[in-house]
Amino acid sequence: MNPLRSIILAAAGSDAVRKMITTAPGTRAMVDRFVAGESADDAIAAVAALADTGRYATLDYLGEDTHDAAQAERIVQAYLAVLDRLHDADLSARAEVSVKLSALGQRLSQRLAVDNAFRICAAAEQCGTTVTVDMEDHTTTDDTLAAVAELRKPWPDVGAVVQSYLRRTEDDVAALAAPGSRVRLVKGAYNEPRDVAFSHKHDVDLAFVRCANALLAGGAYAMFGTHDPRLIELVSDRAEAHGVPRDGYEFQLLYGVRPDEQIRLSEAGQIVRVYVPYGEQWYGYLMRRLAERPANTTFFLRSVVTR
Ligand code: FAD
């Protein structure tokens, strides 16, 4: 892993760093770039604006590392409320929701998190949309895939996420690459040890391509979560070679990242879904975005130190 990325992800866990960053004057502009706002109203407005330019959305109510059941319940209620709002605004066909099991209480108990995810999936079905379960660090991969398998019994369209940086992922993809299976493929955003994850970017990219081929060949509905121009082009070519039509897979990009490319792809006939985070707990999310892109970090650190 890039040393700067490791340092940022490691520093993100420090209370002193958290305090410095959340109070720094330059922070607000960075948050506004990557986070759609704090309320459900903000989230719905973002979905509507994306729909106006042909893009779809997946809404992520920010919150992770939930340590008590009451906090998990508040997060479930936020999802239920935003799903209602999507339905009322007639935008259910334009957006799904992404959930993190850690936010739903996975660290307290897997059962609690899965039960909470069941409630969100039931509400999503009633509102005419669906759910994707985000993937977090490698210690949770087995439990998260087991949760997705359980959720898929009543709701086969629940999306799974796999991370190409994990050495295990090609095996996971082999199990998930079946017709009708919605699978988001990403590189992976956490600070992982070398024994479980590839440490060279090139190996992560090669694994991404192998997984993409397996998903397309297996007939899954693949959701390619990447901003990487080379991978976007390569995946489009591979889809064509596999005879998968443009509505048989999609590209997913993060809110605020390469917006011109999002529109270009959409105008070229690709399905483009934007991952839209909203809510007050933006810190962990922002730090992962900074770790991905040294240019963002330099810009941001300059605004922190020149206050
Ligand atoms: P990188 O390797 O970061 O960058 C490759 C190239 O892409 C760069 O050289 C540049 O050309 C271009 N690029 C990247 N970022 C920018 C930018 N900000 N501006 C301009 N160009 C840029 N990770 C998880 O671990 N679990 C998840 O559940 C998860 N869900 C995700 C959902 C979506 C929709 C997306 C897009 C990502 C998700 N991620 C998730 C994050 C993912 O794992 C990567 O950390 C993140 O996408 C960065 O990798 P990348 O493929 O975009 O390319």
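Predicted model, so just to flag it, every value in this text is computed and none were measured.

Draft legend 1. Fine view of the overall build of the protein. When you go through the protein residue by residue, the secondary structure sums to 13 helices and eight strands. Taking 2.2 N^0.38 as the reference for a compact globule, 307 residues should give roughly 19 Å; the C-alpha atoms of the protein span a radius of gyration of 18 Å, in line with that estimate. On the principal axes, the C-alpha backbone points of the protein span a range of 55 × 40 × 40 Å. When each of the 307 residues of the protein is scored for burial, the buried share is 52%.

Draft legend 2. Up close: the domain arrangement of the protein. Structurally, the protein comprises domain 1 (1-35 + 292-307) and domain 2 (36-281). When each unit is reduced to the centre of its C-alpha atoms, the spacing between domain 1 and domain 2 is 24 Å. Of the roughly 950 Å² buried between domain 1 and domain 2 on both sides combined, carbon and sulfur atoms contribute 46%. Here domain 1 is connected to domain 2 by zero salt bridges. Put simply, domain 1 and domain 2 have two residue pairs in polar contact (both at pLDDT 80 or more) between them.

Draft legend 3. A look at the pairing of strand S2 (residues 95-99). Buried residues dominate S2, accounting for five of its five residues. Neither face of S2 is open: one carries Ala95, Val97 and Val99, the other Glu96 and Ser98, and all of them are buried. One ladder, built from four bridges, connects strand S1 (residues 56-61) with S2; its direction is parallel. The residue of S2 that forms the bridge with Asp60 is Ser98. Two strands pair when backbone bridges link them, and S2 and strand S3 (residues 131-133) are joined in this way by three bridges, in the parallel orientation. By the bridge assignment, Val99 is partnered in S3 with Val133.

Draft legend 4. Seen up close, the packing of helix H9 (residues 201-218) against helix H10 (residues 229-241). Interhelical geometry of H9 versus H10 gives an angle of 25° and a closest axis separation of 10 Å. Judged on the interaxial angle alone, H10 and H9 are roughly parallel. For the pair H9 and H10, the crossing hand works out as right-handed. Listed contacts from H10 to Lys201, Asp205, Phe208, Val209, Ala212, Asn213 and Leu216 of H9 are Arg230, Leu231, Leu234, Val235, Arg238 and Ala239.

Draft legend 5. Looking closely at the environment of Gly54. When you line up the elements, Gly54 lands in the loop between helix H4 (40-52) and S1. The spacing of Gly54 and Ala239 is 185 residues in sequence and 21 Å in space, taken between C-alpha atoms. With near-sequence residues (within four places) excluded, Gly54 lies in contact with Arg94 and Ser266.

Draft legend 6. Quick peek at the packing of aromatic side chains. Inspection of the entire model under this criterion finds eight aromatic pairs. With 6.1 Å between their ring centres and 65° between their planes, Phe224 and Tyr249 make a pair best called edge-to-face. On the criterion of sequence distance, the pair formed by Phe224 in strand S6 (residues 221-225) and Tyr249 in strand S7 (residues 249-254) is long-range, its members being 25 residues apart. Cluster of aromatic residues (ring-pair linked, three or more members): Phe208, Phe224, Tyr249 and Phe251. For Arg94, the ring lying beneath its charged end belongs to Tyr56, and the centroid distance is 4.0 Å.

Draft legend 7. View of the site of the ligand. Taken together, 25 residues lie near the ligand, and Lys187, Gly188, Thr226, His227 and Glu292 sit nearest. With respect to the ligand, the side chain of Arg184 contributes an N or O atom lying 3.1 Å from a nitrogen atom. At 2.6 Å, a backbone N or O of Gly188 approaches an oxygen atom of the ligand. The protein chains hide 84% of the 950 Å² of surface that the ligand would expose on its own. When residues of the shell around the ligand are traced back to their parent elements, those giving at least two are strand S4 (160-163), strand S5 (182-186), S7 and helix H12 (283-292).

Rules used throughout
Residues numbered from 1 in each chain as written. Predicted model: local features only at pLDDT ≥ 70, side-chain atom pairs only at ≥ 80, totals over all residues. Heavy atoms only, no water. Helix = DSSP H or I, 4+ residues; strand = E, 2+ residues; numbered from the N terminus. Rg over C-alpha atoms; globule rule 2.2 N^0.38 Å. Buried < 20%, exposed > 50% of the residue type's maximum accessible area, 1.4 Å probe, protein only. Domains from an automatic or database assignment. Buried area = accessible area lost by both parts, 1.4 Å probe. Salt bridge = Lys/Arg side-chain N within 4 Å of Asp/Glu carboxyl O. Polar contact = N/O pair within 3.5 Å; in protein donor to acceptor, adjacent residues only side chain to side chain. Pairing = 2+ DSSP bridges. Axes fitted to C-alpha atoms, helices over the stretch in contact; angles between N-to-C directions. Parallel < 35°, antiparallel > 145°, perpendicular 65-115°, else oblique. Left-handed = near helix turned anticlockwise from the far one by under 90°. Contact = heavy atoms within 4.5 Å. Phe/Tyr/Trp six-rings, centres within 6.5 Å; stacked < 30°, edge-to-face > 60°. Lys NZ or Arg CZ within 6 Å of the ring centre and 35° of its normal. Near = heavy atom within 4 Å. Areas by Shrake-Rupley, 256 points an atom, 1.4 Å probe, with all protein chains shown as cover.

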